[in-house]
Amino acid sequence: MATVQENTILLGSGDLYLGQVDPNATEQEIQTALVNVGAISGGATLTYKPTFHDIESANRGTIMSFLTKEEVTFKSGLLTWNLENLSKLSAASYSEDTTAGTRRIGIGGLKNVPINYLRFVHTKPDGKTLTVNIFRAQSQSGFEITFDPEKETVIDAEFKALACIGKTDGNLVEIIEEI
C-alpha cells in the first residue's frame, strides 16, 4: 500500500535575521551573530532564476543546454526597524551617543555594502518551522522611506545571493523544513 504524502500550504510571514558570519561558522556561532531586524510587512519572497545557453542544431533543434548563471533574490518589507539595522542594508556608517541620547546613520558615500548571512524563519500552523538561509546576501536595490501620516512606514528590502567561495556544495540558498 502506497503512503500518501501530505501537502503543506504555507501562509503568512516570518522573522528576518541578518548578521556578519564567517563562512566556516558553526550553527551556534551563526545564531549568536544573527540579529532580528524587525517585524515583516507584506510577507517575503524568495526567487530563484536560472539562465541557460542552448546549443541548437539546424535540423534537430536544441541538442544541449548549459546552466550559465543563477540568481537568487529575497524580498521582504520591514515594518519595525531601527537605524542600526538600516545600516545592514546599505553603504552606511552608524553611531550611537548614549550620553547625548542620539543615534546617527550616514547613508551613501562609502564603497562597501555589507554582506550578511540572511535567515528567514516562518513558523507553520503546527509550530514547526521553515527556514531559508542565504549564506552571503547583499542589499543592492537601495530603499525608500516614506513618511505618510495615513500609513505605517515599511522599508522594502531586497537581497541578492552572492557566490559562496569555499563552500563545497556551491549552494546559494538552502531551505530547511521541520517535519
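Because the structure is a prediction, the values reported are computed rather than measured.

Asks: It is not clear to me how the pattern of salt bridges should be interpreted in this structure. Could you clarify?
Replies: Under the criterion given, the structure shown has three salt bridges. E27 is paired through a salt bridge with R119; the nearest N and O atoms lie 2.8 Å apart. Pair noted here: E27 is in helix 1 (residues 27-33) and R119 is in strand 7 (residues 115-123), with a separation of 92 residues, a long-range link. Among the residues examined, E27 registers a relative accessible area of 38% and is labelled partly exposed. Residue R119 is classed as buried on the basis of its relative accessible area, which comes to 9%. Between E177 and K124 there is a salt bridge, and its shortest N-O distance comes to 2.9 Å.

Asks: Help me out: how do you make sense of the nonpolar core in this one?
Replies: One recurring pattern in soluble globular proteins: nonpolar side chains tend to sit buried together. Membership of the largest hydrophobic core comes to 21 residues, with the highest contact counts inside it found for L16, F74, L78, L89, L118, I134 and F159. Contributing elements (two or more residues each) for this core: strand 1 (15-19), strand 4 (61-78), strand 7, strand 8 (129-139) and strand 9 (155-161). The greatest single-element share of this core, amounting to four residues, is contributed by strand 9. Beyond its immediate chain neighbours, meaning those up to four positions away, F74 contacts L16, A44, T45, L46, L118, F120, I134, A157, E158 and F159. Counting six residues, the second largest nonpolar core, distinct from the first, contains A25, L34, Y117 and C164.

Asks: Whenever I open this one, the environment of V21 confuses me. Can you help?
Replies: Along the chain, the position of V21 falls in the loop between strand 1 and helix 1. Judged by relative accessible area, which is 21%, V21 ranks as partly exposed. In sequence terms V21 and T73 are 52 residues apart; their C-alpha atoms lie 19 Å from each other.

Asks: Mind showing me how you'd approach the side chain of N85 here?
Replies: Mapped onto the secondary structure, N85 falls in helix 2 (residues 83-86). The exposure class assigned to N85 is buried, which follows from its relative accessible area of 9%. When sequence neighbours within four positions are dropped, the list of residues in contact with N85 reads V35, N36 and V37.

About the criteria used
- Residues numbered from 1 in each chain as written.
- Predicted model: local features only at pLDDT ≥ 70, side-chain atom pairs only at ≥ 80, totals over all residues.
- Heavy atoms only, no water.
- Salt bridge = Lys/Arg side-chain N within 4 Å of Asp/Glu carboxyl O.
- Helix = DSSP H or I, 4+ residues; strand = E, 2+ residues; numbered from the N terminus.
- Buried < 20%, exposed > 50% of the residue type's maximum accessible area, 1.4 Å probe, protein only.
- Core = buried A, V, L, I, M, F, W, Y, C linked by side-chain atoms within 4.5 Å.
- Contact = heavy atoms within 4.5 Å.

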